[in-house]
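# Inside the fold
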Amino acid sequence: MRGPTGFAERARMIVRAVPKGRVVTYGQVALLAGKPHGAREVGWICHAGGAGIPWQRVVNRLGGLASGFTGGRDGHRRALRRDGVRIGTDLRVN
């Protein structure tokens, strides 16, 4: 069986594997997908979306929520809370 060949495909696979109640950073996804300095590219991949992929589980390196998420940071906060992730008043996860 062949594994995913493209960076975007590998990034999607990694995000699908993030369990409910947990988050990962754009940089962590990039590193695991084989492009250590590809965090910004992961952001664009997330922004492009894809059905059935829990994009809400991806945050920035400081735990901050994405303004480009559907509904902005507030939409990102609501999606993470539905997943059981606690968000601080500064809109960051620990």
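Refer to the structure above for everything that follows.
Residues numbered from 1 in each chain as written. Predicted model: local features only at pLDDT ≥ 70, side-chain atom pairs only at ≥ 80, totals over all residues. Heavy atoms only, no water.

## Side note on the pattern of salt bridges
The cut-off we apply is this: The salt bridge criterion pairs a side-chain nitrogen of Lys or Arg with a carboxyl oxygen of Asp or Glu, the two atoms within 4 Å. Under the scheme applied here, a residue whose accessible area is under 20% of the maximum for its type counts as buried, over 50% as exposed, and between as partly exposed, the area being computed with a 1.4 Å probe on protein chains only.
Evaluation of the coordinates by the stated rule reveals five salt bridges. As a salt-bridge pair, Lys35 and Glu41 come within 2.8 Å of each other at their nearest N and O atoms. Its salt-bridge partner being Asp90, residue Arg92 comes within 3.8 Å of it at the nearest N-O pair. What makes Arg92 partly exposed here is its relative accessible area of 36%. In this structure, a network of salt bridges that share partners links the residues Asp74, Arg77 and Arg78.

## Regarding the side chain of Asp83
Put simply, the test is: Secondary structure elements are defined from DSSP: runs of H or I of at least 4 residues count as helices, runs of E of at least 2 residues count as strands, and each element is numbered from the N terminus. Under this definition, polar contacts are N or O atom pairs within 3.5 Å; protein pairs additionally need one hydrogen-donor-capable and one acceptor-capable atom, and for neighbouring residues in sequence, both atoms have to be side-chain atoms. When checking whether two residues touch, look at their non-hydrogen atoms; a contact exists if any pair is within 4.5 Å.
Its location among the elements puts Asp83 in the segment after helix H4 (72-82). Among the polar contacts made by the side chain of Asp83, one reaches the side chain of Arg57 at a distance of 2.6 Å. Each residue touching Asp83, except ones within four places of it in the same chain, is listed here: Lys20, Gly21, Gln56 and Arg57.

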